[in-house]
Amino acid sequence: MAASSNSSLSGSSVSSDAEEYQPPIWKSYLYQLQQEAPRPKRIICPGEVENRPKYYGREFHGIISREKADELLGGVEGAYILRESQRQPGCYTLALRFGNQTLNYRLFYDGKHFVGEKRFESIHDLVTDGLITLYIETKASEYISKMTTNPIYEHIGYATLLREKVSRRLSRSKNESRKASVTNEEHTPVEKISSLVRRAALTHNDNHFNYEKTHNFKVHTFRGPHWCEYCANFMWGLIAQGVRCSDCGLNVHKQCSKHVPNDCQPDLKRIKKVYCCDLTTLVKAHNTQRPMVVDICIREIEARGLKSEGLYRVSGFTEHIEDVKMAFDRDGEKADISANIYPDINIITGALKLYFRDLPIPVITYDTYSKFIEAAKISNADERLEAVHEVLMLLPPAHYETLRYLMIHLKKVTMNEKDNFMNAENLGIVFGPTLMRPPEDSTLTTLHDMRYQKLIVQILIENEDVLF
């Protein structure tokens, strides 16, 4: 198939001179096809139809056969009607003329109209999107199947030799680099490549803690023409054209999202809070080894609370703990949790425990939970320790580092047991259900596993020097 205006990549061969660097040209073939797609033509019923559903308009023709529907459409490309099924009264069908044939789709309504996973405010929009999709998939099926074979993502995101030079060229300051705009070969403005330029401009030193993170893709409706930042092809359709990573803003086709590496670099502007935020997302957004709330709270506790009786067991006032939470969500690392503001150290320990409880994925992840529980059940102490160590190696790096740092801290707490009366077993009781939760929300499972949760934390504290 002859396909392609603007389908080549000007950035496909890496130049050694950053000043000669040019971003790839967007591939416009699919955009042109969308412009050529048939337009919807509503065939209106001449008379009023009895029992017409209130959410359908004059395009509804009542109970008619497929043959009658085909006749009404008159062979006009893009023409459509709605009808009620003769065989299944109460069920509705969209009859649509495309490709010299009449296509019939079972039609549903739940507040919005749909025949597949996309939902539309009106039948007209549904038909418009359907005609675009049918036309593009008919004309360019082979092209679409090959879109991911030579992705733009690999050319611009990881031009390793150019990283530092491109960074100097594209960014006059660290903040401006994220907003850099680019020009094409004729130096006429083109759409910003947003996250791709940001990735291309990163230097090796920009992120000291290179934890792997999957993208958090969600279906997205783009306003105006939009291009996939993986393959550089147009994202077609009227709505829900592709997916966007809610953490870093990467925009790609749904099918391209399966090929994107686990290299999400969350943007602080998109991270609305500290609590209830995925642990890896937070550390990558702040470019830290561990969540900064963990570092700040532990520093404060070790500075003035290690000898406090019942440390971590005694609760602080709930409303004050919520104040600390809001301070972190609002001010981030600038949150003031000093003794001047919160003299009771139990408020800080409470805020730290709340942070762990609020994590969408616990520090000891759902994927490793059952393996830790099984390890705790091993009777031989040496074998149990070895099993725990093996499961620790399965934790995501940010989770592992957070757990390691917390266990070093809790070991210091136990070293002050004569003052605070908190040993490893007591801390295990407190932190067991805080750090690990069963994947299924079952009260029975939680109760049954509590002693093993306690034992795992106790083992981690007592053996932190060997395990980590």
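Quick look at the structure, then. Since the model is a prediction, treat every value here as computed from it, not as a measurement.

**Regarding the overall build of the protein chain**
Helix and strand counts for the protein chain come out as 19 helices and nine strands. Looking at the protein chain as a whole, 50% of its 468 residues qualify as buried. Of the contacts formed within the protein chain by residues at least 6 apart in sequence, a portion of 64% connects residues at least 24 apart. As presented, the protein chain carries roughly 23400 Å² of accessible surface, and 48% of it is formed by carbon and sulfur atoms.

**Description of the state of the cysteines**
Taken as a whole and judged by the stated rule, the model has zero disulfides. The thiol of cysteine 228 is not disulfide-bonded; the next cysteine sulfur, from cysteine 231, is found 3.8 Å away. When its relative accessible area of 0% is taken as the criterion, cysteine 228 is described as buried.

**Focus on helix H12 (residues 345–358)**
In this model, H12 (14 residues) spans 20 Å end to end at C-alpha, consistent with the 20 Å of a helix rising 1.5 Å per residue. With twelve of 14 residues buried, H12 is to be regarded as a mostly interior element. Taken together, the buried positions of H12 are occupied by Ile345, Asn346, Ile347, Ile348, Thr349, Gly350, Ala351, Leu352, Lys353, Leu354, Tyr355 and Phe356. Looking at the buried residues of H12, the elements they touch are helix H9 (279–286), helix H10 (292–304), helix H11 (318–331), helix H15 (397–414) and helix H17 (424–435). Capping the start of H12 is the job of one residue whose side-chain oxygen sits 3.0 Å from the backbone nitrogen of asparagine 346: aspartate 344.

**As for the layout of surface pockets**
In this structure, the largest pocket occupies an estimated 710 Å³ of space. Those elements that place two or more of their residues in the lining of the largest pocket are strand E4 (92–98), helix H3 (123–139) and strand E8 (242–245). Top element by residues in the lining of the largest pocket is H3. It accounts for six residues. Looking at the lining of the largest pocket residue by residue, the classes come out as 14 nonpolar, eight polar and six charged. Each of domain 1 (33–146) and domain 2 (148–158 + 211–265) contributes no fewer than three residues to the lining of the largest pocket.

**Brief notes about the side chain of glutamate 464**
When you line up the elements, glutamate 464 lands in helix H19 (residues 464–467). One buried charged residue, glutamate 464, remains without a salt bridge, the closest side chain of opposite sign being lysine 411 at 4.0 Å.

**Re the packing of H15 against H17**
At a closest axis distance of 10 Å, the pairing of H15 and H17 adopts a crossing angle of 150°. It follows that H15 is roughly antiparallel to H17 by the angle criterion. Every pair of crossing elements has a handedness; the one defined by H15 and H17 is right-handed. Along its contact with H15, which presents Leu403, Leu406, Met407, Leu410, Val413 and Thr414, the element H17 presents Ala424, Leu427, Phe431 and Leu435.

Conventions used here
Residues numbered from 1 in each chain as written. Predicted model: local features only at pLDDT ≥ 70, side-chain atom pairs only at ≥ 80, totals over all residues. Heavy atoms only, no water. Helix = DSSP H or I, 4+ residues; strand = E, 2+ residues; numbered from the N terminus. Buried < 20%, exposed > 50% of the residue type's maximum accessible area, 1.4 Å probe, protein only. Contact = heavy atoms within 4.5 Å. Areas by Shrake-Rupley, 256 points an atom, 1.4 Å probe, with all protein chains shown as cover. Disulfide = S-S within 2.5 Å. Expected span 1.5 Å × (residues − 1). Polar contact = N/O pair within 3.5 Å; in protein donor to acceptor, adjacent residues only side chain to side chain. 1 Å grid on protein atoms, 1.4 Å probe; cavity = no way out; pocket = protein on both sides within 12 Å on 5 of 7 lines; lining within 4 Å. Points joined across faces, edges and corners; volume = space filled by probe spheres on them. Nonpolar A, V, L, I, M, F, W, Y, C, P; charged D, E, K, R; others polar. Domains from an automatic or database assignment. Lys, Arg positive; Asp, Glu negative; His and termini not counted. Salt bridge = Lys/Arg side-chain N within 4 Å of Asp/Glu carboxyl O. Axes fitted to C-alpha atoms, helices over the stretch in contact; angles between N-to-C directions. Parallel < 35°, antiparallel > 145°, perpendicular 65-115°, else oblique. Left-handed = near helix turned anticlockwise from the far one by under 90°.

In short, geometric facts, not functional conclusions.
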